[in-house]
Amino acid sequence: MLQEKVAALLNDQVNKEFYSAYLYLEFSNYFEARGLDGFANWYKIQAQEERDHAMLFYQYLHNNNAKVTLEAIAKPEKKLDSDMDVLKAGLEHEMYVTGLINDIYAAAHEAKDFRTMQFLDWFVKEQGEEEVNANDMISKMELFGSDPKGLYMLNSELGSRTYNAPSLVL
Ligand code: FEO
């Protein structure tokens, strides 16, 4: 049995991960409209990964006989006025999600819920990778984004990203 507080935070995270997917789809939408199909591809795949994250929380709750409540997914409200705005919003969002994962981890630790802590270990590592990726995108954009050829190359690089299913299987 999951402790009530831990179960509630895990349930919230289902919604938060679906919101992340929606936010990244909005980023993809922004870049599609800009004609930068590589950036659009990168964020579309990111949206897919976030749906995977949501389903991992969903399945973990079910595997532990906890009830799942699906709530409304909020509209992405970030104001996106430039390419860099999008990239920075991505990093800011991942740092926020890292905080959410840490909060669930802390609650699981307090409840001596070692199973949930082990489940969350994968997400702790994943958040580290997501922050590195978001930071890298910003660095590359700062270096090359103001040059049309540089932006073209960066767009091509991001266009080669392919989807990989999560390594965590429940
Ligand atoms: Fe599900 Fe980008 O963290």
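In the block above lies the structure referred to throughout.
Treat the numbers as computed from the prediction; the structure is a model and nothing was measured. (Residues numbered from 1 in each chain as written. Predicted model: local features only at pLDDT ≥ 70, side-chain atom pairs only at ≥ 80, totals over all residues. Heavy atoms only, no water.)

1. A word on the overall build of the protein
Consideration 1: Looking only at helices and strands, the protein has five helices and zero strands in total.
Consideration 2: In terms of C-alpha radius of gyration, the protein reaches 17 Å, essentially the compact-globule figure of 15 Å for 170 residues.
Consideration 3: Considered along the principal axes of its C-alpha atoms, the protein spans approximately 55 × 25 × 25 Å.
Consideration 4: When burial is assessed residue by residue, the protein has 46% of its 170 residues classed as buried.
Consideration 5: The contacts of the protein with a sequence gap of at least 6 include a subset with a gap of at least 24, amounting to 82%.
Consideration 6: Taken as a whole, the protein presents about 9500 Å² of accessible surface, with 54% of it coming from carbon and sulfur.
Consideration 7: The average position of the 16 basic charges and that of the 28 acidic charges among the side chains of the protein differ by 1 Å. (Helix = DSSP H or I, 4+ residues; strand = E, 2+ residues; numbered from the N terminus. Rg over C-alpha atoms; globule rule 2.2 N^0.38 Å. Buried < 20%, exposed > 50% of the residue type's maximum accessible area, 1.4 Å probe, protein only. Contact = heavy atoms within 4.5 Å. Areas by Shrake-Rupley, 256 points an atom, 1.4 Å probe, with all protein chains shown as cover. Lys, Arg positive; Asp, Glu negative; His and termini not counted. Charge placed at Lys NZ, Arg CZ, Asp CG, Glu CD.)

2. What to know about helix α3 (residues 83-110)
Consideration 1: In a regular helix each residue adds 1.5 Å, so 28 residues correspond to 40 Å; α3 covers 41 Å between its end C-alpha atoms and thus fits that length.
Consideration 2: One or two positions beyond α3, positive phi appears at K112, with a value near 55°. (Expected span 1.5 Å × (residues − 1).)

3. Here's the deal with helix α4 (residues 114-144)
Consideration 1: Spanning 31 residues, α4 covers 45 Å between terminal C-alpha atoms, matching the ideal 45 Å at 1.5 Å per step.
Consideration 2: The largest bend in α4 amounts to roughly 30° and is located at L120. (Bend = angle between axes of the 7 residues up to and from the residue.)

4. Let's talk about the packing of aromatic side chains
Consideration 1: In total, this model carries twelve aromatic pairs according to the counting rule given.
Consideration 2: Between F57 and F123 the ring centres are 4.4 Å apart and the planes differ by 35°, which places this aromatic pair in the tilted class. Taken as a pair, F57 in helix α2 (residues 37-63) and F123 in helix α4 lie far apart in primary sequence, 66 residues in all.
Consideration 3: Judged by centre distance (4.9 Å) and plane angle (85°), the ring pair of W122 and F123 falls under edge-to-face. Across the pair, F123 and W122 agree in class, each one buried.
Consideration 4: The ring of W42 carries R161 above its face, with NZ or CZ at 4.3 Å from the centroid. (Phe/Tyr/Trp six-rings, centres within 6.5 Å; stacked < 30°, edge-to-face > 60°. Lys NZ or Arg CZ within 6 Å of the ring centre and 35° of its normal.)

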